Amino acid sequence: MSRFEKLLPPPMRRPAKPGEGDGHVGTNGKTSAANGEVTALKEQDGNGARTDDAGARVVEKAKDAPADLVGWVDERMGGTSFLTAMLLRKVPKGTNWFYTLGSATLFAFVVQALTGVFLAMYYTPSTVEAYASITYLTNDVFMGEFVRGMHKWGASVMVILVFVHMARTFFFGAYKYPRELNWVIGVVLLILTMVMGFTGYLLPFDQRSYWATIVGVNINGTAPILGPYLSDFLRAGPEFGATTLQRFYAIHMLLLPGAIIGLIGAHLYLVVKMGTTAPPWIRADRKPKDARTQEVDAIPVATNGHRDGSATTNGADPSDDERAAR
Amino acid sequence: MADSDDKNGKSNGGADERRPPETLPEMKPVGYFEGESMTRRKVFAIGGQALGGAAGAVIILPALGFAIAPIFDEPEENWQAVGPRGDFVPDTYKSRVITIVEGIGEAGKTTVYVRQGSPDLDEDPNEYIAITSRCAHLGCPVRFVQAAGNFICPCHGGAYDFTGQVVVGPPVRPLDRFQTRVVDDAVEIGPRYSVTSQLEPVRARDPGEFTGGVWEYLYPPRPSTAPAP
């Protein structure tokens, strides 16, 4: 059992292989074959032997409570097989810290979602009161500046992480078959993140927000044919009007988060289903291990022989285009 | 399906019996009748999907119409007095603040630059020219700089001459204007309209949209704006 697995409550662990474990039935009726360390935990009072001390018995019972709770839920919901399959899935050789960028982006989104919910408790999406409500929540509400700061700076962090995550996917070639659909979903998520930034920028309703929105909407409007109507849709009319701010607010806090959550679900599903790609510098094992060790001497080397050390210092030879700069 | 099986059986004849004779007859779905073009199951599947689609449309179409309705709202004509005729002279602009959207406080106001028509520029001295402060590039607020006689935009370096024509920078057309009229010796300002590079009035466009020629079709006039004067 790996160290990581020991951290999991017993129902989430993989069952012991046949022949392993002692088939010992613990105090709560679970076999300790799969969770030998429960016994280990009890070693201080004599290898799981029961004591007559009532206090010790309560402590012992309490130790099993989290596992019991998880077991109770799992018996009725059966989610642990899904969780173990997802958390303990195989990852390719060479997986490194770059592979955490997607999770980091997800974490940034969760921060935005949580802080956003609490900011909405104080914010008033009205052209007359929005700025006052923002100054109130920033200056007067306990920790208001901190929560708003998390939302404001977290937005930039999320956009940056999205791009770095995207760059990782691109440079590792992880967008290729059969993962194109996940790339497409990711691009839609990128666009939605941008729209999030655009709609959220208006909400403080200070001078910068207002003029940035005027400029942003007019940039949208420069698209031929449909652009002018898109502008009217965004502003809810020909000018920045009474419901423009509310419209941006509704898009920012209701429409887009729902869409983003749904797409993140599809994104993660495909990640788990397809598995991740190995970094490009990891070479595929084309042959079984035994065959490889036998034939390792027979692997042909490059034609001009520089790989075997015999001709590492070839003189200049323009007729040899093997090593021309490319 | 049953038909093709029969034909195969006939063409094969008795010599090449591919199928053992004791094969069970093919099961027909419940409700099958001779000559049917669609199984009962398929009829119900299509019917169910059609009903679901109709139910979805009943929800989505009104919601969508609700969201895009403002595009088709026709504007009310709104005239505001900005001062007596004597306030305005032909050789410089006076800035006035008008309300273009009611009920949203400061955010509904805008600055206009007003002057009397100048005979030097072939204009009727009984008319008044009102020029918007909204840059024709992307909508930043331009200022009239009296010393230079120009309108200058702070955002991206656009500049316009005294009549609002582009001198330099990224703006795509001259500054928009407002309709004006004189009522009881007071100058009143009405709906906004855009102009072409020859200062011919056209229906109001948003900043960043060209006017005149083919652009009138590429940036179609919106129903939410007032017609050109």
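This is a predicted model, so every value here is computed, not measured.

A. Up close: the environment of Leu137(A). Residues and elements named next belong to chain A. Within the secondary structure layout, Leu 137 lies in helix 6 (residues 130–139). Residue Leu 137 is classed as buried on the basis of its C-beta count, with 20 C-beta atoms lying within 10 Å. Sequence separation between Leu 137 and Tyr 122 is 15 residues, and the spatial gap between their C-alpha atoms is 6.3 Å. Sequence-distant contacts of Leu 137, that is, excluding residues within four places in its chain, are made with Leu 119, Tyr 122, Tyr 123, Gly 144 and Arg 148.

B. Layout of the confidence of the model for chain B. All names here are of chain B. Chain-level pLDDT for chain B is 88 on average; 91% of the residues reach the 70-or-more range. The spread of mean pLDDT over the elements of chain B runs between helix 1 (residues 2–12), the lowest at 46, and strand 7 (residues 159–160), the highest at 96. Across residues 1–15 the pLDDT falls below 50, and counting only partners more than four positions away or on other chains, this stretch makes three contacts in the model. Interface predicted TM-score (ipTM) for the complex: 0.82; the corresponding pTM is 0.76.

C. Structural context of the domain arrangement of chain A. Examined at the domain level, chain A breaks down into domain 1 (34–75) and domain 2 (99–274). Taking the mean C-alpha position of each, domain 1 of chain A and domain 2 of chain A sit 47 Å from one another.

D. Examining the confidence of the model for chain A more closely. All names here are of chain A. Chain-level pLDDT for chain A is 82 on average; 76% of the residues reach the 70-or-more range. Segment residues 23–46 is flagged for pLDDT under 50; beyond a separation of four residues in sequence, or across chains, it makes 37 contacts in the model. In this model residues 295–312 is a low-confidence stretch, pLDDT under 50, and it forms eleven contacts with partners more than four residues away in sequence or in other chains.

E. Layout of the interface of chain B and chain A. Counting from both sides, the interface comprises 24 residues of chain B and, opposite them, 25 residues of chain A. Class assignment of the residues belonging to the side of chain B that touches chain A gives a composition of 14 nonpolar, six polar and four charged.

F. Region of the structure containing helix 7 (residues 144–171) of chain A. All names here are of chain A. Its 28 residues place the ends of helix 7 40 Å apart at the C-alpha level, agreeing with the 40 Å of an ideal helix rising 1.5 Å per residue. The axis of helix 7 is deflected most strongly, by about 25 degrees, at Gly 154. Looking at the buried positions of helix 7, the neighbouring elements they touch are helix 5 (101–119), helix 6 and helix 8 (180–202). Positive phi shows up at Gly 173, right after helix 7, with a value of about 65 degrees.

G. Looking closely at the pairing of strand 10 (residues 186–195) of chain B. Residue and element names in this part refer to chain B. In terms of burial, strand 10 is a largely internal element, eight of the ten residues being buried. As judged from the six bridges shared by strand 9 (residues 177–183) and strand 10, these two strands associate in the antiparallel manner. Paired with Val 182 across the strands is Val 187, a residue of strand 10. A loop of two residues connects strand 9 with strand 10, the two strands running antiparallel in sequence, and Asp 184 in this loop sits at a positive phi of about 50 degrees. Here strand 10 folds back onto strand 11 (residues 201–202) in antiparallel fashion, the turn holding five residues, of which Leu 199 has a positive phi close to 65 degrees.

H. Just unusual backbone geometry, in detail. Residue Tyr177(A) is joined to Pro178(A) through a cis peptide bond whose omega torsion reads 5 degrees. Summarising the element assignment, Pro178(A) is placed in the loop between helix 7 and helix 8. Look at Phe205(A): it is not a glycine, yet its phi comes out positive at around 55 degrees. Within the fold, Phe205(A) resides in the loop between helix 8 and helix 9 (207–221). Phe205(A) gets classed as buried once you count the C-beta atoms within 10 Å, which come to 24. The phi torsion at Asp122(B) lies on the positive side, around 60 degrees, for a residue other than glycine.

I. Quick look at the domain arrangement of chain B. Domain parsing of chain B yields domain 1 (2–71) and domain 2 (80–218). The C-alpha centroid of domain 2 of chain B is placed 66 Å from the C-alpha centroid of domain 1 of chain B.

J. Broad picture of the nonpolar core. Formed by 25 residues in total, the largest nonpolar core has its most connected members in Val112(B), Val114(B) and Ala130(B). The element best represented in this core is strand 4 (residues 128–132) of chain B, accounting for four residues. Discounting chain neighbours no more than four positions away, the residues touching Val112(B) are Arg96(B), Ile98(B), Ala130(B), Ile131(B), Thr132(B), Ser133(B), Phe178(B) and Ile189(B). Residues Tyr131(A), Phe205(A), Tyr210(A) and Met253(A) belong to the second largest nonpolar core, which totals 19 residues.

Rules of the game
Throughout this document, residue positions are counted from 1 along each chain, in the order its sequence is written. All chains are assigned letters beginning at A, and all ligands numbers beginning at 1, according to the order in which they are written. The predicted nature of this model means local features are confined to residues of pLDDT at least 70 and side-chain atom pairs, given and counted, to a pLDDT of 80 or more, with totals for whole chains, interfaces and linings taken over all residues. A run of DSSP states H or I qualifies as a helix once it reaches four residues; a run of E qualifies as a strand once it reaches two. Both are numbered from the N-terminal end. Our exposure labels follow a C-beta count within 10 Å of each residue's own C-beta, placed from the backbone: buried means 20 or more other C-beta atoms, exposed means 12 or fewer, and partly exposed covers the counts in between. For every residue pair, C-beta atoms are placed from the backbone, and the pair is scored as a contact if these atoms sit within 7 Å. On a range of 0 to 100, pLDDT expresses the predictor's confidence in each residue. Domain borders in the structure are assigned automatically or taken from a domain database. Any residue that is not Ala, Val, Leu, Ile, Met, Phe, Trp, Tyr, Cys, Pro, Asp, Glu, Lys or Arg is counted as polar, Gly included; the first ten are nonpolar and the last four charged. Any helix carries an expected span of 1.5 Å times its number of residues minus one. Bending is quantified residue by residue as the angle between axes fitted to the seven-residue window ending at that residue and the seven-residue window starting at it. By the convention used here, strands pair only if DSSP detects at least 2 bridges between them. The term nonpolar core refers to a group of buried residues, namely Ala, Val, Leu, Ile, Met, Phe, Trp, Tyr and Cys, whose C-beta atoms join them within 7 Å.

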